Amino acid sequence: MPRAITLIRSASLSDVAEYAYAATAPAEARLIFLAGACPLNDDGSTAAVGDYAGQAAKALENMRVALGAAGASLQDVISTRVLVASASQADLVTAWEVVRNTFGDHDVPSTLMGVTVLGYHEQLVEIEAVAAVLDQ
C-alpha cells in the first residue's frame with residue numbers, strides 16, 4: 001500500500017535531531033488525530049509504574065491498537081508529541097529512546113516535553129500522534 005507521508009530534512013538545519021524536521025501528506029490523505037496514548041493496561045491500571053521506558057513502550061503498544069482501529073500503522077504517523085512527567089532531562093531521554101527505536105527509520109517530526117503531571121494515577125508518559133493514510 002502506498003504511504004501518504006513524505007519526511008522532510010533540511011541541510012540548513014542541524015543533523016543532531018533524531019527526527020525529520022517536517023512532514024507532508026497530500027490533499028487526498030485521510031488524517032487521523034489520536035488522543036494521547038497512555039500506558040494503561042486493559043483493566044485501566046497504569047502499566048510499568050515508576051518505569052519511564054516501560055510506560056513509553058506500553059503507550060506505543062496502545063497507540064498501535066488505536067492506529068489499527070483507524071486503518072493505519074506506525075508507518076502512517078506524520079508527527080508525535082511525547083509528554084514525560086519529569087523535570088529530569090535523563091527521564092525524557094529514556095522515554096524518547098523507546099519512541100525513537102520503535103519508529104526506527106520512520107523518524108517523524110516529534111516534540112519531547114517535560115510536564116508537571118499527567119492524567120492517570122502514577123502515569124509518567126503519554127504520546128500524541130497524527131497519522132495520514134491514502135484510502136484505496
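These numbers come from a predicted model, not from an experiment.

Conventions adopted
- Residues numbered from 1 in each chain as written.
- Predicted model: local features only at pLDDT ≥ 70, side-chain atom pairs only at ≥ 80, totals over all residues.
- Heavy atoms only, no water.
- Helix = DSSP H or I, 4+ residues; strand = E, 2+ residues; numbered from the N terminus.
- Contact = heavy atoms within 4.5 Å.
- Areas by Shrake-Rupley, 256 points an atom, 1.4 Å probe, with all protein chains shown as cover.
- Lys, Arg positive; Asp, Glu negative; His and termini not counted.
- Charge placed at Lys NZ, Arg CZ, Asp CG, Glu CD.
- Pairing = 2+ DSSP bridges.
- Axes fitted to C-alpha atoms, helices over the stretch in contact; angles between N-to-C directions.
- Core = buried A, V, L, I, M, F, W, Y, C linked by side-chain atoms within 4.5 Å.
- Buried < 20%, exposed > 50% of the residue type's maximum accessible area, 1.4 Å probe, protein only.
- Expected span 1.5 Å × (residues − 1).

A. Examining the overall build of the protein chain more closely. Helix and strand content of the protein chain: two helices and six strands. Shown N-terminal to C-terminal, the secondary structure of the protein chain runs as helices and strands in the order β-β-β-α-β-α-β-β. With the principal axes as the frame, the protein chain shows a C-alpha extent of 40 × 35 × 20 Å. Within the protein chain, counting contacts between residues at least 6 apart in sequence, those at least 24 apart form 76% of the total. Total accessible area computed for the protein chain in this model is approximately 7,300 Å², and 52% of it derives from carbon and sulfur atoms. Side-chain charges in the protein chain split into 7 positive and 16 negative, and the spacing between the mean points of these groups amounts to 6 Å.

B. Broad picture of the sheet that holds strand β5 (residues 110–115). A sheet is described by the order of its strands in space; here four strands give the open sequence β3-β6-β4-β5, paired in mixed fashion. At either margin of the open sheet sits one strand with a lone partner, and together these are β3 (30–37) and β5. Between one strand and the next, the sheet's axes are offset by a mean angle of 10°, whatever the strand orientation. Across seven bridges, the pairing between strand β4 (residues 77–85) and strand β6 (residues 125–133) is antiparallel. If you follow V84 over to β6, its bridge partner there is V125. Contacts from helix α1 (residues 52–69) reach β3, β4 and β6 within the one sheet, and its direction differs from that of β6 by about 30°.

C. Quick peek at the nonpolar core. M63, L67, V77, F103 and I127 are the most contacted members of the largest nonpolar core, which totals 27 residues. Those elements that provide at least two residues to this core are β3, α1, β4, α2 (89–103) and β6. Excluding anything up to four places from it in sequence, L67 contacts L34, A72, S73, L74, V77 and A131. Counting six residues, the second largest nonpolar core, distinct from the first, contains A4, I5, A29 and I78.

D. Local environment of α1. A rise of 1.5 Å per residue sets the reference length of α1, with its 18 residues, at 26 Å; its end C-alpha atoms lie 26 Å apart and thus fit the reference within 8%. Y52, G54, Q55, A56, K58, A59, L60, M63 and L67 are the residues of α1 that are buried. Close packing links the buried residues of α1 with β3, β4, α2 and β6. At the exit of α1 stands G71, carrying a positive phi of roughly 80°.

E. Here's a closer look at unusual backbone geometry. Even without glycine at this site, A48 takes up a positive phi of about 50°. Accessibility expressed as a relative area gives 31% for A48, which makes it partly exposed. You will see that E122, though not glycine, has its phi angle at about 65°, which is positive. One can find E122 in the loop between β5 and β6. Classification of E122 by relative accessible area gives partly exposed; the value is 41%.

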